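# Analysis of the macromolecular model
What follows is each chain in one-letter form.
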Amino acid sequence: MESYQLIIRLDLTIRISIGKLGLYEFSKGLYIYSGSAKKNMRSRIHRHLLRSKRPHWHIDYLLADINANVILVRRSLYGECMLNKKVKGKIPVPGFGSSDCVNNCGSHLKLIESYN
């Protein structure tokens, strides 16, 4: 299974509802989201980059906001949990993107740099 990381720049602090997780505030800054796809990696990444889509994954809710911009996509042969564990940062939303995680990652989205 291939995995990927999206480096996301959030230009303003925003409050958005993330499906069943609820309403959260996301600080202005840089985030890294780690994800995977069993097949069709290119299609998965392309879908993430679309603004207008019906939300399916937690990341869809964040990326739908006009202030959230993917500035880099990294693909990897390592698993998403291994990639995620290497990222040092704060967990903005517990359980974000990790509802099926068996490695106790806490979240597959991390805030790596906050802007004031």
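See above for the structure.
If you're wondering where the values come from, they're calculated on a predicted model, not measured in any experiment.

This structure, assessed with the given rule, holds zero disulfides. In this model Cys81 remains outside any disulfide bridge; the closest cysteine sulfur is found in Cys101, 3.5 Å from its own.

Applying the stated criterion across every chain, the model contains four aromatic pairs. Centre to centre, the rings of Tyr33 and Phe96 are 6.1 Å apart; their planes meet at 80 degrees, and the pair counts as edge-to-face. Taken together, the residues span a long stretch of sequence, with Tyr33 in strand S4 (residues 29-37) and Phe96 in the loop between helix H3 (80-86) and strand S6 (109-114) at a distance of 63 residues. On the basis of relative accessibility, which here comes to 5%, the residue Tyr33 falls in the buried class. Feature note: the residues Tyr4, Phe26, Tyr31, Tyr33 and Phe96 constitute an aromatic cluster, connected by ring pairs. Here the guanidinium or amino end of Lys86 rests over the ring plane of Tyr78, the centre of that ring lying 5.0 Å away.

So, about the sheet that holds strand S1 (residues 2-10). Overall, antiparallel pairing links the four strands, which are arranged S5-S1-S4-S6 in an open sheet. Only two strands of the sheet have a single partner each, and these edge strands are strand S5 (68-76) and S6. The average undirected angle you get between the axes of adjacent strands in this sheet is 20 degrees. Looking at chain direction, S1 and S4 are connected through nine bridges and run antiparallel. Residue pairing in the sheet places Leu6 in a bridge with Tyr33 of S4. The strands touched by helix H1 (residues 41-49) within the sheet are S1, S4 and S5, with S1 carrying the most contacts at an inclination of about 15 degrees.

So, about the side chain of Ser76. Inspection of the secondary structure puts Ser76 in strand S5. Judged by relative accessible area, Ser76 falls into the buried class, the value being 13%.

Attention now goes to the pairing of strand S3 (residues 22-26). Two elements, strand S2 (residues 14-18) and S3, share five bridges in a ladder whose sense is antiparallel. Bridge pairing in S3 links Arg15 to Glu25.

The next thing to look at is unusual backbone geometry. Non-glycine residue Asn40 carries a positive phi angle of around 55 degrees. Among the secondary structure elements, Asn40 is positioned in the loop between S4 and H1.

The subject of this paragraph is the environment of Gly89. Inspection of the secondary structure puts Gly89 in the loop between H3 and S6. Its relative accessible area of 44% is what places Gly89 among the partly exposed residues. Sequence spacing of Gly89 and Ser43 is 46 residues, and the spatial spacing of their C-alpha atoms is 28 Å.

Calculation criteria
- Residues numbered from 1 in each chain as written.
- Predicted model: local features only at pLDDT ≥ 70, side-chain atom pairs only at ≥ 80, totals over all residues.
- Heavy atoms only, no water.
- Disulfide = S-S within 2.5 Å.
- Phe/Tyr/Trp six-rings, centres within 6.5 Å; stacked < 30°, edge-to-face > 60°.
- Helix = DSSP H or I, 4+ residues; strand = E, 2+ residues; numbered from the N terminus.
- Buried < 20%, exposed > 50% of the residue type's maximum accessible area, 1.4 Å probe, protein only.
- Lys NZ or Arg CZ within 6 Å of the ring centre and 35° of its normal.
- Pairing = 2+ DSSP bridges.
- Axes fitted to C-alpha atoms, helices over the stretch in contact; angles between N-to-C directions.
- Contact = heavy atoms within 4.5 Å.

Keep in mind these numbers describe shape, not what the thing actually does.
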